[in-house]
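# Structural overview for review
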Amino acid sequence: MAESKRVVIVGGGLAGLSCARRLAAAGADVLVLEREPRVGGRVVTDEVDGFLLDRGFQVFLSAYPEARRQLDYEALELQPFYPGALVWTGGGLVRVSDPWRRPLQALGDLLRPVASFSDLWRVGRLRADVLRGGLEALFERPETTTLERLRRAGFSDGMIERFFRPFFGGIFLEAELQTSSRMFDFVFRMMAAGETVLPRRGMARIPSQLADGLPAQSLRLGTAVRSLEPGEVVLESGERIEAAAVVVATDGQDAARLEAGPPAVFQAVTCLYFAAARPPVDEPILVLNGSGQGIVNNVAVPSSVSRSYAPEGQALISVSVLGVPEASDAALESAVREELGQWFGDLAGWRLLRTYRIERALPRQVPPALAEPQRPVRTRPGLYVCGDHRDNASINGAMVSGRRAAEAVLADAV
């Protein structure tokens, strides 16, 4: 920038932190205001009784191009999941393996009632298709729903219902698979090009690493913003902070409250974490509900991916339920225990650690949600907005939007 001017960023999630880092690198005077006592937005890890609980089961895709540019992967100590899943069919657990990373296991999977040989062949065609060309071209493809995309690709009903619906339903947080096919292609491409991983010390290490790269005194935690006025930000405390530019880096609903864009509609999820002496599956693999019955969508054992997620001799088990049920926590726990007892046997040794009911888990992206893959980050002179509701609902999308907002601020200051 031509001279030092304060840019105030409202929100210390991935988008806000990415924006702040880019601006600080260009020499701008940056101040990030975060209402919570920690950074991260929706990417949070709580420590409970020595267990690391990501606030809602989350994963990180190592092929995210923006994350590769901004993050130090070695410092995150990324730990991989098994490339595939175990599927509860109603009669038992069936393995479905990635035919490129685990070809011998995938051939053995053909003897089980989820994926046929033609399904595996179509996975190969789909993989080649999503890896073709650049990301911009991928987001310019004709848009339909994920379900229609899978049907047009020729997958069997069994493969869609038993694998794709619970797997991508758990990613998009909606079982109907109405999410944009462009988003499906993007996620499938990221999974094909890299690994599905967890940072060794929890997902919160991602925003913490971004925050660690900011200049001293550029981050104020526990600071809520009441309103925006020309040339200044008004805090809930009544304090006024002058600003040459303001970037609203909150979620889509809070951004709309601050007059920085239309409100976003969110998908919700409920996550229950249990502690146990032994894991229900002793490998770093996702377990899907492919039976079409019950309330559980998927089960994971984060401590089998990274031992740091649980104390020595203990296992951490994550159970995801799509949406936010009306049932009380006690009734929900009882229903989950009854259902998973059919999958894994006796759960008497399981101890509930915490239940998260997350209303704003992920922006909903049904067509034509991505008809404009990158929405404008300028709203009016001196006011900008970023977040995964501006690009696509992913860690990569949030970080890209933050960088785009920073570049818009810098361009307007020249």
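Reading the values: rules and limits
- Residues numbered from 1 in each chain as written.
- Predicted model: local features only at pLDDT ≥ 70, side-chain atom pairs only at ≥ 80, totals over all residues.
- Heavy atoms only, no water.
- Helix = DSSP H or I, 4+ residues; strand = E, 2+ residues; numbered from the N terminus.
- Rg over C-alpha atoms; globule rule 2.2 N^0.38 Å.
- Buried < 20%, exposed > 50% of the residue type's maximum accessible area, 1.4 Å probe, protein only.
- Contact = heavy atoms within 4.5 Å.
- Areas by Shrake-Rupley, 256 points an atom, 1.4 Å probe, with all protein chains shown as cover.
- Lys, Arg positive; Asp, Glu negative; His and termini not counted.
- Charge placed at Lys NZ, Arg CZ, Asp CG, Glu CD.
- Core = buried A, V, L, I, M, F, W, Y, C linked by side-chain atoms within 4.5 Å.
- Phe/Tyr/Trp six-rings, centres within 6.5 Å; stacked < 30°, edge-to-face > 60°.
- Lys NZ or Arg CZ within 6 Å of the ring centre and 35° of its normal.
- Pairing = 2+ DSSP bridges.
- Salt bridge = Lys/Arg side-chain N within 4 Å of Asp/Glu carboxyl O.

### Focus: the overall build of the protein chain
- Tallying secondary structure elements over the protein chain gives 14 helices and 21 strands in all.
- Relative to its length of 414 residues, the protein chain is compact, with a C-alpha radius of gyration of 22 Å against a globular reference of 22 Å.
- Dimensions of the protein chain along its principal axes, counting C-alpha atoms only, are 65 × 45 × 40 Å.
- Looking at the protein chain as a whole, 55% of its 414 residues qualify as buried.
- The contacts in the protein chain between residues at least 6 apart in sequence include a share of 70% that link residues at least 24 apart.
- A total of about 17,300 Å² of accessible surface is found on the protein chain, and carbon and sulfur atoms cover 49% of it.
- Charge centroids of the protein chain, computed over 47 positive and 50 negative side chains, lie 3 Å from each other.

### Some words on the nonpolar core
- In terms of nonpolar packing, the biggest core is built from 92 residues, with I9, L23 and F60 touching the most fellow members.
- With eight residues, the top contributor of residues to this core is helix α14 (residues 395-413).
- Ignoring any residue separated from it by four or fewer positions in sequence, one finds I9 in contact with G16, C19, A20, L23, V30, L31, V32, L33, V247 and A249.
- One finds L86, F274, I285 and F344 within the second-largest nonpolar core, a separate group that totals 22 residues.

### Regarding the packing of aromatic side chains
- Applying the stated rule across the entire model yields 20 aromatic pairs.
- Over the ring of Y82 we find R95; its NZ or CZ atom is 5.2 Å from the centre of that ring.

### Points about the pairing of strand β18 (residues 315-322)
- With seven of eight residues buried, β18 is to be regarded as a mostly interior element.
- The sheet contact formed by strand β15 (residues 266-276) and β18 spans eight bridges and is antiparallel. The residue of β18 that forms the bridge with V269 is L322.
- Relative to β18, strand β17 (residues 298-300) runs antiparallel, the two sharing three bridges. By the bridge assignment, N298 is partnered in β18 with S320.

### Quick look at the pattern of salt bridges
- Under the definition given, this model contains 30 salt bridges.
- Between D185 and R149 there is a salt bridge, and its shortest N-O distance comes to 2.9 Å. Here D185 is found in helix α9 (residues 181-193), whereas its partner R149 is found in helix α7 (residues 146-152), with 36 residues between them in sequence.
- Taken together, the shared-partner salt bridges connect R22, E66, R69, R403 and E407 into one network.

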